[in-house]
Every structure is written in C-alpha cells, then in structure tokens.
Amino acid sequence: MLLPKTAACTENVNGELYIDGLAVTGIAKEYGTPLYLYSANRIRENYRRMHSAFRRLRKKFRLNFAVKANSNLTTLSILRTEGSGADCSSPAEIMLAKTAGFEGEQIIYSGNYSSDRELEYGFKSGAIVNLDDGPLLERLLRFGRPDVVSFRVNPGVGRGKYKGLVTAGPEAKFGMVEEDAVRAYGFAKKSGIGRFGLHMMSGSNVLDPEYFPAITDRLMAIAGRISRELGIEFDFIDIGGGFGVPYQEEEDELPVEEVAEMVVGRFEDGIASAGTMGDPQLFIEPGRYIVCDAGFLLATVTHVKKGERNFIGCDAGMNTLLRPALYGAYHEILPANRMNDAREMTASVTGQICENTDMMGKDRKMPELEPGDLLAFMDCGAYGYSMASNYNSRPLPAEVFIIDGKTYLARESETVPDFLKRQTVPPVVRKGAE
Ligand code: LLP
C-alpha cells in the first residue's frame, strides 16, 4: 500500500508503518495504546519553513505558536528553542508557556469573555494582553496600566474548512467591528497607553492561498483608519493563524512562500498607503501548520463487527480525538501493521464511546483486520490531545516524542485512580446510602 501524500516523516517498511525510522508497532507495544506520538523533527521543520517564508521578506516579523493546538511542554520547549513566540488563550496556557521558558512579551494572551481574575492574571504575567472587546480595557485598568494593549477586530469575513472553524464574520462571537475598534483605541489612547497592537483571527484550516492577502488587506485598511483618525502608531499587527494543511488525498499543500510574499506585499502596501501607522512588526499565530502532520494517534483494534455494515472498533474514540465527531473532520487511518494487505473490506472505524457520533472514519477501505492490529490516525498533532476528554470515564492517553531516533515519554497516560482521587462523597450522602 502506498502512503498517502499527506503523510510526512513516514515509511512503509515491509508492510509496517515507520515514523522517523522507528516501527510504530514497537512503540505501541512499549507504551500501550491509545497513544499520541510526535516527531520532534517534523515540528522543527514546519516551524522553520513557515518562519523563513515570512522572515526572508520582512525582518520585523514574529511567529507566535498557538498553544491551544498542542500545549504539551515538550512541543512548547521545542518551539521556544526555535525562537517562536507563544499565543495563549487562557491563564493555564500562559503558565504552560512560562514553564517552557517563554517570557513577558514573547507571550500574547488572547482571551475571550475574560473574567476579572483572568484579566488580572494576564496583565500581571507580563504578556501582551489582546482584548476581545473595548470595555474590557476599563476592567483591566483596575489592575494597572499596561505598556502595550492590543484589540481583536472582526474584519467582517471569515473562512474555515468546516463551518465550526470560521471565527470572524457576521456570526462570530470574537472581536469587534471596525467602529467599535476605533472607539476602543480612542479610549486606550486617552487612558495613557503608549504602545498598540492590532489583531484578528478569522478562521482555521484555510488552503486557499488568496485568502490570506485578501484578509490582510482588510485588516490593514482598519489599521490605516485607526492610525489616521487617532494618531496612533502600531508596534505590531497580527493577522492570526488559520494556515491549512491537507488532511485528504485530494487536497494540495498551502504554498507558504507564495502566501508570505502576497501577505507581506499587502502588509507593506497598507503601511505605505496610510503613512501614519509607523513600521509595525508583522505577527502570525499558526497552530495547526506547525504541529498537525507531526502528530499521530496510535490505536489498537478491539473488535471487528461484520454484518450489513462493517465496523472496526478500536481503543481511540471521540474522547481521544474529537475532531471527527465535532466537525465531521476527516483523518486518514492507516492499518499500521498491515500496510501491504489488500484493502478489501469497507468498514467504519469507531471508538468505544456510547454515542453514535463516535465515528472516527466512515466507510473506509481497510484490510481484513483483527483484534490486536494497530491503526495509525494521521495528522493528529493539532487539536488532538488538546481537545481530548474523559467522557465515559476513559483516562487521557500518553504522549510520546521521537527525538533524534529515540522515543521519550513526555506525558504519562492518566489512570482511573487519578480521577477517583479528586472526588469525595459527602458523609451525609454516604450515610443515606447505608
Ligand atoms: N490564534 C487564535 C486567537 C485562535 O483562536 C486560533 C485558533 C489560532 C490562532 C490558531 O489557528 P490555526 O493556525 O491552528 O488554524 N479546534 C479546531 C480549530 C479551532 C481553531 C480555533 N482558534 C480544529 O480542530 O480544527
């Protein structure tokens, strides 16, 4: 069987799937399944490709990795040593970024519907605070005046591979429309804040290269108006993440060099045509692009049900990888120890969760599989572990990294006693039950 073209750092060696030169069957045996497995090399490669595509065109450029995509401390540490910044969405993500060595303004904190405590934490952490609404600044100022403030705007349009991945436009809960943004920056200036950023995040997993310059144009038009009307210069302008990756055979890779050329072109045109916004840094905050194809989910086949419809059951489900159930998202699934077997059976791959949405892949062509066979879910490095849950009281899986040809257990799997120990039954209830 040929490997799908979306499969980076993989090989088929005599019918067995290898990742970065190691047989996944051996790794599954050593660490158990379900298991998230990552290639540290591939994370570095992806970072470097994206970073250099932009950096060669604009020196004033920074890539802030979106921690929500993969918040494992090993991932964050790898990216910090590459020179990345960190885009955090919660106080806990700021704590994780700091633990991995990110400091102060290397971190940008974009919360939404933040509580006072979260605003206070963000401010005191020294991160750049990016606010999702104008009045949040009044609340933040109770804790002190930040050196720099940024606001998230809704540029009026958004795009995403699935409806649930659109984060701007008329139905989005994020950011402010242009008029409200102008008011917010006016208030920020009056409050004595001296440095400003501007931010948008309009959607995720976009493979159309033309989308990125188009959306940059919109943001630069808003930035131009704010700077002209209020006499504000920007330290940075952040066009967000959203850079897509191919999950399916028929999808093409995003040509990042071309995207960077178009985006930097429009960015610099916007600066020149306004003539009032200073010389801001260009920020991007990709998550998926950096980690997606570097991550794999290994699962063991637990039972094969044959009948009018065939089902391959395995020990990874919507609790381990939520994307198929939540968005109808497609992940390639490889029979990792039977790569050369003919794929003669049509079957849906499912987990062990008591929901019919627990469908990891519908009507896939698979070889005749048996309990004990190994499946590899591809492109699971982004929004895989970070969206996993304990539903049906299933413990979270372990995470293992391949670094320089060796495996490292970066996070142990949870155990049932882990979640039993956080519960206590009030004595009054216990008594009632006697
Ligand atoms: N910045 C902000 C403020 C974001 O909200 C996000 C993602 C990113 C950056 C990174 O976007 P990326 O480059 O990864 O597209 N759970 C979904 C993806 C939701 C993305 C939400 N925000 C999925 O599994 O596909």
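Preceding this paragraph is the structure being described.
To keep things clear, this report deals only with the structure shown in the data block. (Residues numbered from 1 in each chain as written. Predicted model: local features only at pLDDT ≥ 70, side-chain atom pairs only at ≥ 80, totals over all residues. Heavy atoms only, no water.)

### Structural notes on the pattern of salt bridges
Stage number 1. Counted according to the given criterion, the structure contains 27 salt bridges.
Stage number 2. Among the salt bridges present, the one from Arg58 reaches Glu268, with a minimum N-O distance of 2.8 Å. Remark: Glu268 occurs in helix H9 (residues 256-274) and Arg58 occurs in the loop between helix H2 (40-55) and strand E5 (61-66); sequence separation between them is 210 residues. (Salt bridge = Lys/Arg side-chain N within 4 Å of Asp/Glu carboxyl O. Helix = DSSP H or I, 4+ residues; strand = E, 2+ residues; numbered from the N terminus.)

### A short note on the side chain of Glu332
Stage number 1. Note on placement: Glu332 falls in the loop between helix H11 (323-327) and strand E15 (333-335).
Stage number 2. At 4.6 Å, Arg343 is the nearest oppositely charged side chain to Glu332, a buried residue that forms no salt bridge.
Stage number 3. A polar atom in the side chain of Glu332 sits 3.3 Å from the side chain of Tyr330. (Buried < 20%, exposed > 50% of the residue type's maximum accessible area, 1.4 Å probe, protein only. Lys, Arg positive; Asp, Glu negative; His and termini not counted. Polar contact = N/O pair within 3.5 Å; in protein donor to acceptor, adjacent residues only side chain to side chain.)

### Observations concerning the side chain of Asn64
Stage number 1. By secondary structure assignment, the location of Asn64 is in strand E5.
Stage number 2. Looking at Asn64, the relative accessible area reads 0%, which means it is buried.
Stage number 3. A distance of 2.7 Å separates the side chain of Asn64 from the side chain of Arg62, its partner in a polar contact.
Stage number 4. If we ignore the near neighbours within four places in the chain, the residues touching Asn64 are Ser84, Gly85, Ala86, Asp87, Gln106, Ile108, Phe283, Ile284, Glu285 and Pro286. (Contact = heavy atoms within 4.5 Å.)

### Overview of a nonpolar patch on the surface
Stage number 1. Nonpolar side chains collect at one region of the surface, where Val425, Val428 and Val429 lie side by side and expose about 270 Å² of accessible area between them.
Stage number 2. Since its relative accessible area comes to 44%, Val425 is described here as partly exposed. (Patch = residues over 30% accessible without salt bridge, like charges linked within 9 Å, V, L, I, M, F, W, Y side chains within 5 Å. Areas by Shrake-Rupley, 256 points an atom, 1.4 Å probe, with all protein chains shown as cover.)

### Some remarks on the sheet that holds strand E12 (residues 281-284)
Stage number 1. The eight strands are arranged E5-E6-E7-E8-E9-E10-E11-E12 in a closed barrel whose pairing can be described as parallel. Mean inter-strand twist for the sheet, computed between neighbouring axes without regard to direction, equals 25°.
Stage number 2. Relative to strand E11 (residues 236-238), strand E10 (residues 195-199) is paired through three bridges, and the arrangement is parallel. Opposite Gly197, over in E11, you have Phe236 as the bridge partner. (Pairing = 2+ DSSP bridges. Axes fitted to C-alpha atoms, helices over the stretch in contact; angles between N-to-C directions.)

### Regarding unusual backbone geometry
Stage number 1. Residue Pro34 follows Thr33 across a cis peptide bond; omega there is -5°.
Stage number 2. Within the secondary structure, Pro34 sits in the loop between helix H1 (24-31) and strand E4 (35-39).
Stage number 3. Of note in the backbone geometry, Ser393 takes a positive phi value of approximately 55° without being a glycine.
Stage number 4. Structurally, Ser393 can be placed in the loop between strand E18 (374-377) and strand E19 (398-403).
Stage number 5. Judged by its relative accessible area of 52%, Ser393 falls in the exposed class.

### Some details on the nonpolar core
Stage number 1. Membership of the largest hydrophobic core comes to 101 residues, with the highest contact counts inside it found for Phe54, Phe234, Phe243, Ile290 and Phe377.
Stage number 2. Both domains that furnish three or more residues to this core are identified here as domain 1 (10-39 + 292-421) and domain 2 (110-286).
Stage number 3. Once you skip the residues sitting within four places of it in the chain, Phe54 turns out to touch Phe61, Phe243, Ala260, Val263, Val264, Leu282 and Ile284.
Stage number 4. Counting 19 residues, the second largest nonpolar core, distinct from the first, contains Ala7, Ile27, Leu35 and Met378. (Core = buried A, V, L, I, M, F, W, Y, C linked by side-chain atoms within 4.5 Å. Domains from an automatic or database assignment.)

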